[in-house]
Amino acid sequence: MEKLYDQYDRVHDYVRLSITDRCNLRCVYCMPKEGLPFFPTDKVLSQDEIVQMIENFAEMGISKVRITGGEPLLRTDVVDIVRRIKAVKGIEDVSITTNGLFLAKKG
Ligand code: SF4
């Protein structure tokens with residue numbers, strides 16, 4: 001299997017992937033009071049594009065994926081995204097960074 005090296009010859013097996021720039025909170029250290037111009041929905045990676053990208057990374061030796069946002073649970077297809085990434089050959093660990101407010105609804 002190929003490995004992903006950086007310019008200092010370090011091997012990388014981990015990626016963080018933002019699946020949305022939107023969030024349901026406005027933490028002062030993250031979002032300005034006046035808000036941000038979020039990407040139009042059609043400019044955000046689709047579920048198929050995300051999976052394709054992770055398949056490409058897996059072929060380069062990536063085995064761990066952390067899903068982030070914004071708040072990733074705002075995406076209605078987040079469960080399917082996680083399920084499909086977990087099924088990618090070579091991916092051993094999938095985790096998610098979330099503020100947790102929608103976790104109960106996703107159970
Ligand atoms: S992305 Fe995280 S830090 Fe930023 S506003 Fe949302 S909950 Fe707060």
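These numbers come from a predicted model, not from an experiment.

Here we come to the overall build of the chain. Of regular secondary structure, the chain possesses three helices and five strands. Considered along the principal axes of its C-alpha atoms, the chain spans approximately 45 × 35 × 25 Å. Burial status across the chain gives 28% buried among its 107 residues. A separation threshold of at least 6 residues defines the contact pool for the chain, and within that pool the share at least 24 residues apart is 80%. About 7500 Å² of surface is accessible on the chain, with carbon and sulfur atoms providing 54% of the total. Computing the positive centroid from 16 side-chain charges and the negative centroid from 16, the chain places the two 7 Å apart.

Here we take up the pattern of salt bridges. Per the counting criterion, the structure on display carries five salt bridges. Ionic pairing is found between D13 and K64, a salt bridge with its closest N-O pair at 3.6 Å. Taken together, the residues D13 in the loop between β2 (11-12) and β3 (14-18) and K64 in strand β4 (residues 64-68) connect sequence positions 51 residues apart. With relative accessibility at 32%, the residue D13 sits in the partly exposed group. Among the salt bridges present, the one from R84 reaches D48, with a minimum N-O distance of 2.8 Å. One end of the pair, R84, is in helix α2 (residues 78-86); the other, D48, is in helix α1 (residues 47-59), with 36 residues separating them in the sequence.

Here we take up the sheet that holds β4. Backbone hydrogen bonds hold the strands of a sheet together, and the pairing may be parallel or antiparallel. An order of β3-β4-β5 is seen for the three strands of this open sheet, with the pairing classed as parallel. Both edges of this open sheet fall to β3 and β5 (93-96), since each of them pairs with a single strand only. Between one strand and the next, the sheet's axes are offset by a mean angle of 20°, whatever the strand orientation. Where β3 meets β4, five bridges bridge the pair, whose relative direction is parallel. Bridge pairing in β4 links Y14 to K64. Across the sheet, α1 lies against β3 and β4, angled at about 170° from β3, the strand it touches most.

This part takes up the side chain of S63. As for its placement among the helices and strands, S63 is situated in the loop between α1 and β4. For S63, the contacting residues outside a window of four places in its chain are D13, G90, I91, E92 and D93.

On to unusual backbone geometry, then. With an omega dihedral of 10°, the bond running from G69 to G70 counts as a cis peptide bond. Here G70 is to be found in the loop between β4 and α2. Here D9, not a glycine, exhibits a phi torsion of approximately 70°, which is positive. Note that D9 resides in the loop between β1 (4-5) and β2.

Calculation rules
Each chain has its residues counted from 1, running along the sequence as written. In view of the model being predicted, local features appear only for residues whose pLDDT reaches at least 70, and side-chain atom pairs are presented and counted only at 80 or more, with totals across whole chains, interfaces and linings using the full set of residues. Remark: hydrogens and water are excluded; side-chain values derive from all non-hydrogen atoms of the structure. Elements are defined by DSSP. Helices are runs of H or I of four residues or more, strands are runs of E of two residues or more, and each kind is numbered from the N terminus. Only protein chains enter the accessibility calculation, which uses a 1.4 Å probe. A residue is then buried if its area is under 20% of the maximum for its type, exposed if over 50%, and partly exposed in between. Should any heavy atoms of two residues lie within 4.5 Å, those residues are counted as being in contact. Here, Shrake-Rupley sampling with a 1.4 Å probe gives the accessible areas, and only protein chains in the shown set may cover a residue. Neither His nor the chain ends is counted toward charge; the positive residues are Lys and Arg and the negative residues Asp and Glu. The location of each charge is read from NZ of Lys, CZ of Arg, CG of Asp or CD of Glu. The salt bridge definition used is simple: a Lys or Arg side-chain nitrogen within 4 Å of an Asp or Glu carboxyl oxygen. One bridge is not enough; two strands pair if DSSP finds at least two bridges between them. The axes are straight lines fitted to the C-alpha atoms, using for helices just the contacting stretch, and the angles between their N-to-C directions are given from 0 to 180°.

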